[in-house]
Structures are given as C-alpha cells and as structure tokens.
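Report on the structure
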Amino acid sequence: MVTRRNFIINTSLAATAVLAMPSLAFTMNEKQIGLQLYTLREEISKDVKAVLEKVAVAGYTIVETYGFSIKDQFWGLTPIELKKILDANHLKAISGHYNLGSFLADGNTAELMAAIEAAKTLKNEFLTIPWVDETFRKSTEDYKKIASRLNEAGKLCKNAGLKLAYHNHDFEFQKHDSITGYEILLKETDKNLVSFELDLYWVIRSGNDPLKLFMENQERFKMWHVKDMDKVNSALNTEIGSGSIDFKTIFKAADLSGMKHFFVEQENNFAVNSFASIKASSDFISKELL
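Fair warning: this is a prediction, and the values are worked out from it, not measured in the lab.

**A short note on the overall build of the chain**
Tallying secondary structure elements over the chain gives 13 helices and 12 strands in all. In terms of C-alpha radius of gyration, the chain reaches 18 Å, essentially the compact-globule figure of 19 Å for 290 residues. Expressed along its principal axes, the backbone C-alpha trace of the chain runs to roughly 50 × 45 × 35 Å. Of all 290 residues assigned to the chain, the portion counted as buried reaches 51%. Restricting the contact set of the chain to residue pairs at least 6 apart, pairs at least 24 apart contribute 78%. Only carbon and sulfur atoms are counted for the fraction: they give 50% of the accessible area of the chain, which is about 13400 Å². Of the side-chain charges in the chain, 35 are positive and 38 negative, and the distance between the mean point of each set is 3 Å.

**Regarding the nonpolar core**
Soluble globular proteins tend to pack their nonpolar side chains together in the buried interior. Counting residues in hydrophobic clusters, the biggest one holds 80 residues, and the most contacted among them are Val-55, Phe-214 and Trp-224. Among the elements that make up this core, the one with the highest residue count is helix α7 (residues 140-159) (six residues). Counting six residues, the second largest nonpolar core, distinct from the first, contains Ile-62, Ala-165, Met-223 and Phe-263.

**Considering the confidence of the model for the chain**
Taken residue by residue, the chain gives an average pLDDT of 92. The fraction at 70 or more is 90%. Scored below 50 in pLDDT, residues 1-9 makes six contacts in the model with residues more than four places away or belonging to other chains. Ignoring residues within four places in sequence, the model shows residues 22-26, a span with pLDDT below 50, making 11 contacts including any to other chains.

**Focus on the sheet that holds strand β3 (residues 92-97)**
In space, the eight strands of this closed barrel follow the order β1-β2-β3-β4-β5-β8-β9-β12, with parallel pairing throughout. Neighbour to neighbour, the strand axes of the sheet diverge by 30° on average, direction disregarded. Where strand β4 (residues 126-129) and strand β5 (residues 163-167) come together, four bridges link them in parallel fashion. What sits directly across from Leu-127, in β5, is Leu-164. This element, helix α13 (residues 274-289), spans β1 (33-36) and β12 (261-264) of the sheet and lies at about 150° to β1.

**Regarding the packing of aromatic side chains**
The geometry of an aromatic ring pair comes down to the distance between the two centres and the angle between the two planes. Applying the stated criterion to the full structure yields 16 aromatic pairs. Taking 6.3 Å as the distance between ring centres and 65° as the angle between the ring planes, the aromatic pair formed by Tyr-166 and Phe-196 counts as edge-to-face. Here Tyr-166, found in strand β5, pairs with Phe-196, found in strand β8 (residues 194-199); they are 30 residues apart in sequence, far enough to count as distant. There is no split in this pair, since Tyr-166 and Phe-196 are both buried. Ring centres of Tyr-182 and Phe-196 lie 5.5 Å apart, and the angle between their planes is 70°; this geometry places the pair in the edge-to-face category. Of this pair, Tyr-182 sits in helix α8 (residues 181-188) while Phe-196 is found in strand β8, placing the two residues 14 residues apart along the sequence.

Calculation notes
- Residues numbered from 1 in each chain as written.
- Predicted model: local features only at pLDDT ≥ 70, side-chain atom pairs only at ≥ 80, totals over all residues.
- Heavy atoms only, no water.
- Helix = DSSP H or I, 4+ residues; strand = E, 2+ residues; numbered from the N terminus.
- Rg over C-alpha atoms; globule rule 2.2 N^0.38 Å.
- Buried < 20%, exposed > 50% of the residue type's maximum accessible area, 1.4 Å probe, protein only.
- Contact = heavy atoms within 4.5 Å.
- Areas by Shrake-Rupley, 256 points an atom, 1.4 Å probe, with all protein chains shown as cover.
- Lys, Arg positive; Asp, Glu negative; His and termini not counted.
- Charge placed at Lys NZ, Arg CZ, Asp CG, Glu CD.
- Core = buried A, V, L, I, M, F, W, Y, C linked by side-chain atoms within 4.5 Å.
- pLDDT = per-residue confidence, 0-100.
- Pairing = 2+ DSSP bridges.
- Axes fitted to C-alpha atoms, helices over the stretch in contact; angles between N-to-C directions.
- Phe/Tyr/Trp six-rings, centres within 6.5 Å; stacked < 30°, edge-to-face > 60°.

If you want it as structure tokens, here you go:
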C-alpha cells in the first residue's frame, strides 16, 4: 500500500529527476488542446452540432470521441455525418474511445472491425480502448490475456493505418500475485503495436506517480487525459488548475512520456456548468502550461 507520505516523497524525487534532465526540449506550444467529449455527455446526445460549435469556441482544436456502437453509431449520427460537423468547426477527432468488450473476452472481431471502419472515416489517429469489464480482469492470467488481445488488435489497427491505445482507470494498479495489472499490460504488449493513454487523475488517485511511470516506461504514453482532482474530495474532478494535481511539473516531462496529444476531461463537479468548466480549463492550459 502506498501511503500519502511515501507518495509525496516519491513524487518529489521523481519530479527532481525529471526537471534535472537536460534532454527535455519539448515545446508545449506545439500542442493543441484536446477535449474528451464524454465531459459533455449530458449535452452532446441532444444536439451534437451545437455542442461541437461551443467546443471550438472554448479554444479546443482536437477532440476524442466516445460511445460508438454498431447500432446507434455516434449519438444517432453516422461517422460520415459526424465528420462533416467536426470539419465545419475545424475540429479533428485525433482519437476515439471504442468499447471492445466482446473482442477482449472471446476474440470476436466484429465489434473491432466496425470500430476500425468508424475510426478510419473520422480520420482518427488512435483507436483507444477505454475500459475492461470487471469479469475479465481478476488475475494475472486475465491481464496477460488482455495484453495478447491488445497485440492482436494493434496488428489489425496497424494494417488499417491506425494506432491502438489503452486508457487506464485505477483498477489496473491493483496487485495480483505481487504485480499490478498495468505492469503486466506494459510488459506483455508490443510497444510497436500498443500505446497507452495515461489518465493522470486515475494514476494519482490510485496512489501512483506519473513521473515514475514515465521514467520506467519511456515514450509509451502517447496520449494523456488531463483531469484535475478536487482539493477537498479526491473522488471528484474540478477545472484544470483549480485542483491538487501539479500539472506544470507533469507537463515538463512530456518528452519523457512520449506524449503527442492530450485531452481535457472532467466527469463531474462543474463549477457553473460543463461549458464554463471546459472554457476555464482551456484558458488555464493556454496561459500556464503551453
């Protein structure tokens, strides 16, 4: 168990090491500010066009989609229809979260191939797996199986001109036989086929240190979820810059991480409303981090 004291000490040591490295010549102003559209899930299903217009006005130039299904596509829109709205607002869907539960469970590729076609239509760079059902992640063998499936999916994505990524929560950092699920995924996946989208909030919420992960697994984390933690209640999110996560130090390690794109995400606890919150986060990132 990682205690709060040890976490603070380890984070400080990692931060000192990262800041001391002369090779971090990363220019953050080259990066575009991205938004995970799940942040606006209450609004986007009602009026996709109006929501994406507001996303662009709030200062975002790239987005990450979620919620695709073979039946309903994207909130009732086909990938072609969604792409037209994105283009009209000068937004690029760099990544998409595609649930592939059946593929991870039994290797059925129907869901995966449908996701690949949607991702290609949207011109996604990354097809990202956002979640693994609890039934399929109870042991080291389960995680080894997941890693094997990720490698398979990575090959299919590569053949289609896409890249595969895996997005974490906190459950991956639970130990199974003295090793965490996340360690297994990092070790057992082919770095040429599988990248990782590191959700910084969930890493820190689980008691781990993203800087330590960067140093031990350099250039594996091609994308980040930038999600802040409420100072009073760690179970809640807040606007970027208003919480307890030291993003300035983390962003200085972008090169070490391998980060190419990042996406703001806020799942709850909006100060005024979700649109005001994404604007506040975009403004802070523009002024303080890029």
